[in-house]
Amino acid sequence: MTDHGSFGLEPDDLDGHTIDELSDYLDSGRNPIDPSIESSPGCRMALAALERLRSASSQMLEAEAAIEPEPEEGWITGILQNISREVRSGRSIPIPHPDAAARLAITEGSVRALVRAAGDSIDGLMIGRCALDGDVTEPGAPVTVSIDATVYWGRSIPQVTEQLRIAVFESLALHTDLDVVAVDITVHDVHLPPQADADGKEAGR
Amino acid sequence: MADQERRHDLETADDRILAGRAADGDVHAFEVLVRRYGRLMRVYARRILGSNADVDDVVQEAFIQAWRSLPTLTDLGSVKSWLMRITSNKCIDRIRRRRDEDDIADHDPGAPASTTPEGMWAARSLEDALSRALAGLPEEQRRCWVLRELAGYSYLDIGRELDLPSSTVRGLIARARKNLIREMEAWR
């Protein structure tokens, strides 16, 4: 490394302390206060520099990611093809059939997909995870569907969740023989509808 | 609702929604996560690995691993830091494998590509200056520093992952800090 002159980081410049010690001191939140560090001008300069380094570090990856070119489509497709081969079927849900010899079943994964599709048919909310609570492998056993959702800003939560509840009941009644006793919906956030922040901004947190 | 429109809604959905749908088997939701965090994971992996060489493979593996493990993720809202952790684990696997392969060569990290003064002047921000300074560090210093400061590993964990005594790790990181501070303070 080039010598940049005056900025001293060796024990001689730090009244006998080391950069390693000073880093640990910062990690501790400068608590308890160490008077021999705090009263040393050399240490205080080094602490300030360490803090600048730390704050730059915490921003660096995001800054690099912002100018990183988009990965090639082929690379993304490679991931998606790979994962599509691994289906999440979950439990097997029997469907009664008049012919006793016929054995029909659908997978838990396909029931989740039905719930998702029902959610996607409702304007004003977005559903996330859903769970089927109850022994779905036992015909006639009571089942509760739990759904995580966000509602768009300005939409009535009771109204859209009621629409969702009805859509889920109807879809599962139409396509399955599950005895759905309840549809529990947890709204974990209210957010701006997509149109409002559609200019490529990240919605993650 | 039209498919197009729904896809657009997914792109603006929050992490918890996307991770939840992906955990339930929604490939489209997972694709949005790949596009949202793929670049961050790639720059992160590049930092840990120290080169471009295995970035494509390592981040792909990380995403595939993430897809498999998503159903067990309890705090869906923290999917971003979870993805970053999987990425650093995959990088460390790769580094270990590489080292096992060229054990005979007694790997020489080589001289650090020194950061030219011109390069430092061209830095647009402190973060940019740090990026450049980091690229000039010797490999082991950089790797230990990245795991400590960007991945949040303890000295002990880094030592365990890289088969180094934690006192060595401590020394390498202290040297890395000094080198980085000198470069950054010169830039300021």
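Residues numbered from 1 in each chain as written. Chains lettered and ligands numbered in written order. Predicted model: local features only at pLDDT ≥ 70, side-chain atom pairs only at ≥ 80, totals over all residues.

### Some details on the overall build of chain A
Step number 1: The secondary structure content of chain A amounts to six helices and five strands.
Step number 2: Ordered by position from the N terminus, the helices and strands of chain A form the series α-α-α-α-β-β-α-β-β-α-β.
Step number 3: Rg of the C-alpha trace for chain A: 29 Å, well past the compact-globule value of 17 Å for 205 residues, more than 25% over.
Step number 4: Overall, the C-alpha framework of chain A stretches about 90 × 40 × 35 Å when taken along its three principal axes.
Step number 5: Burial statistics for chain A: of 205 residues in total, 25% are counted as buried.
Step number 6: When contacts within chain A are restricted to residue pairs at least 6 apart in sequence, long-range pairs at least 24 apart make up 59% of them. (Helix = DSSP H or I, 4+ residues; strand = E, 2+ residues; numbered from the N terminus. Rg over C-alpha atoms; globule rule 2.2 N^0.38 Å. Buried ≥ 20, exposed ≤ 12 C-beta atoms within 10 Å, placed from the backbone. Contact = placed C-beta atoms within 7 Å.)

### Describing the packing of helix α1 (residues 19-27) of chain A against helix α10 (residues 166-187) of chain B
Geometrically, a packed helix pair is captured by the angle between its two axes and the distance between the axes.
Step number 1: In the contact formed by α1 of chain A and α10 of chain B, the axes pass within 9 Å of each other and the chain directions differ by 90 degrees. As summarised for this structure, α1 of chain A and α10 of chain B are arranged roughly perpendicular, according to the angle between their axes. Facing α1 of chain A, whose interface residues are Ile-19, Asp-20 and Ser-23 of chain A, α10 of chain B presents Arg-170, Ala-174, Arg-177 and Lys-178 of chain B.
Step number 2: Residue classes in the contact of α1 of chain A with α10 of chain B are distributed as two nonpolar, one polar and four charged. (Axes fitted to C-alpha atoms, helices over the stretch in contact; angles between N-to-C directions. Parallel < 35°, antiparallel > 145°, perpendicular 65-115°, else oblique. Nonpolar A, V, L, I, M, F, W, Y, C, P; charged D, E, K, R; others polar.)

### Some thoughts on the interface of chain B and chain A
Step number 1: Contacts between the two partners involve 57 residues from chain B and, on the opposite side, 57 residues from chain A.
Step number 2: At 12 residues, the largest contribution of residues to the side of chain B that touches chain A is made by helix α3 (residues 27-49) of chain B.
Step number 3: Looking at the side of chain B that touches chain A residue by residue, the class counts come to 23 nonpolar, 10 polar and 24 charged.

### Considering the domain arrangement of chain A
A common way to state how big an interface is: give the accessible area lost once the parts meet.
Step number 1: Under the domain assignment, chain A is made up of domain 1 (19-67) and domain 2 (88-195).
Step number 2: For domain 1 of chain A and domain 2 of chain A, the distance between their C-alpha centres works out to 50 Å. (Domains from an automatic or database assignment.)

### Observations regarding the packing of helix α8 (residues 139-149) of chain B against α10 of chain B
Residues and elements named next belong to chain B.
Step number 1: Look at α8 against α10: their axes get within 8 Å of each other, and the N-to-C directions meet at 95 degrees. It follows from the interaxial angle that α8 and α10 lie roughly perpendicular. Facing α8, whose interface residues are Glu-140, Gln-141, Arg-142, Cys-144, Trp-145 and Arg-148, α10 presents Val-169, Leu-172, Ile-173, Arg-175 and Ala-176.
Step number 2: The residue inventory of the contact of α8 with α10, partitioned by class, reads six nonpolar, one polar and four charged.

### Description of the sheet that holds strand β4 (residues 142-152) of chain A
Step number 1: One open sheet accounts for three strands, arranged β3-β4-β5 (chain A); its pairing is mixed. If you trace the sheet from one side to the other, it starts and ends with β3 (125-133) and β5 (179-191) of chain A, each paired once. The sheet shows a mean angle of 20 degrees between the axes of neighbouring strands, taken without regard to direction.
Step number 2: Here β4 of chain A pairs with β5 of chain A via 11 bridges, running parallel. Directly across from Pro-142 of chain A, in β5 of chain A, lies its bridge partner Asp-179 of chain A.
Step number 3: Contacts from helix α5 (residues 108-120) of chain A reach β3 and β4 of chain A within the one sheet, and its direction differs from that of β3 of chain A by about 150 degrees.
Step number 4: Sheet strands in contact with helix α2 (residues 15-23) of chain B are β3, β4 and β5 of chain A, and its direction is about 40 degrees off that of β3 of chain A. (Pairing = 2+ DSSP bridges.)

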